[in-house]
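Fold and contact review
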Amino acid sequence: MRLPAVLTRFDLPVAELSALRLDGEAFALDEAVIAVDEPELSANRALALAGVLEARMIAELDTALWVWGGLDAPPRVHTASIRREARGRLLSTTRISLRETSVDDAQLAVFGTVRVTARARTVVDVALLDTVSAERRAAVIRLVGSPGVLDAALALAIDLGHTPGKRRALERIRAWGRFSRR
């Protein structure tokens, strides 16, 4: 039986995961491990989150930026959201910053049990923040350079309705698009 490419604490005990790393058969991918012969793709990064996020959570902002390759390393504190109807008792953890959201299913990418905001939605979410750090800005510019992301993000931002910060978000997305073409 072949093991999955990405292993979390739900697949093997932590001691076994550590042994795989020590033996040189796997390397750390956040709290998971990935076989040394597997590429570090977005799908594998997302699957690594299965050991951190509950299935009803949606990876977003910095965590989504990491999944999509905008950030090289996973954030120390993952950013996730949860829909109002999915609220309930949540496990308390210092690794997750959680907020309530109303993300449409069409704006999500699903990898196994892990849901991540799609590239365009991630760009819009960052653009709507009050302030954007230089690291986030650079990560979003990388994302906007992917085929179709800029147009999809602009369309999504235009459809936001009367969302506070919409005009600023559109200006930021357009500016990031200009930087990504350089």
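The structure presented is a predicted model; accordingly, all values stated were derived computationally and were not measured. (Residues numbered from 1 in each chain as written. Predicted model: local features only at pLDDT ≥ 70, side-chain atom pairs only at ≥ 80, totals over all residues. Heavy atoms only, no water.)

**Digging into the sheet that holds strand S8 (residues 114-117)**
Our working rule: Whether two strands pair depends on DSSP finding at least two bridges between them. Only DSSP runs of H or I reaching four residues or more are called helices, and only runs of E reaching two or more are called strands; each is numbered from the N terminus. Only the stretch in contact is used when fitting a helix axis, every axis being a line fitted to C-alpha atoms; angles between N-to-C directions are given from 0 to 180 degrees. For this analysis, residues touch if any pair of their heavy atoms sits within 4.5 Å.
The strand order S6-S5-S4-S8-S7 describes an open sheet built from five strands, whose pairing is mixed. Sheet topology places strand S6 (96-101) and strand S7 (108-111) at the edges, where each strand pairs with a single neighbour. Ignoring strand direction, the axes of neighbouring strands in this sheet form an average angle of 35 degrees. The pairing of strand S5 (residues 78-83) with S6 spans six bridges and is parallel. Paired with Ile82 across the two strands is Glu100, which belongs to S6. Along the sheet face, helix H4 (residues 119-127) touches S6 and S8 and points at about 55 degrees away from the line of S8.

**Brief notes about the nonpolar core**
Condition: Grouping buried Ala, Val, Leu, Ile, Met, Phe, Trp, Tyr and Cys residues that are joined through side-chain atoms within 4.5 Å yields what is termed a nonpolar core. Accessible area is worked out with a 1.4 Å probe on protein chains only. A residue is then buried under 20% of its type maximum, exposed over 50%, and partly exposed in between.
By size, the foremost hydrophobic cluster in this structure holds 45 residues, and its most contacted members are Leu53, Trp68, Val116, Val123, Ile173 and Trp176. Per element, the largest residue contribution to this core is six residues, and it comes from helix H6 (residues 149-158). Those residues within four positions of Leu53 in sequence are excluded, and the remaining contacts are Ala59, Ala80 and Ile96. If you look at the next biggest cluster of nonpolar residues, it comprises five residues, including Leu7, Leu17, Leu20 and Val33.

**Observations regarding the side chain of Arg121**
Along the polypeptide, Arg121 turns up in helix H4. Sequence-distant contacts of Arg121, defined by excluding residues within four places in its chain, comprise Thr101, Val103, Gln107 and Leu156.

**Quick word on the packing of aromatic side chains**
Note the threshold: Pairing of aromatic rings covers Phe, Tyr and Trp, the last counted by its six-membered ring, and requires centre-to-centre distances within 6.5 Å; plane angles under 30 degrees mean stacked, over 60 mean edge-to-face, and any other angle means tilted. We call a charge positioned above a ring when the Lys NZ or Arg CZ atom is no farther than 6 Å from the ring centre and deviates by at most 35 degrees from the ring normal.
Inspection of the entire model under this criterion finds one aromatic pair. Taking the ring centre of Phe179 as reference, the NZ or CZ of Arg137 above it sits at 4.4 Å.

**Some details on the pairing of strand S3 (residues 32-35)**
Relative to S3, strand S1 (residues 6-7) runs antiparallel, the two being bridged by two bridges. Within the sheet, the bridge partner assigned to Leu7 lies in S3 and is Val33. Linkage of strand S2 (residues 26-29) to S3, two consecutive antiparallel strands, is achieved through a turn of two residues, within which Asp30 is found at a positive phi near 60 degrees.

**Some details on the sheet that holds S2**
The strand order S1-S3-S2 describes an open sheet built from three strands, whose pairing is antiparallel. In this open sheet, the two edge strands, each paired with only one partner strand, are S1 and S2. The sheet contacts of helix H1 (residues 14-22) involve S1, S2 and S3, and relative to S2 the element is tilted by about 120 degrees.

**With respect to unusual backbone geometry**
The backbone of Asp30 shows a phi angle near 60 degrees, a positive value even though the residue is not glycine. With respect to the helices, strands and loops of the structure, Asp30 is situated in the loop between S2 and S3.

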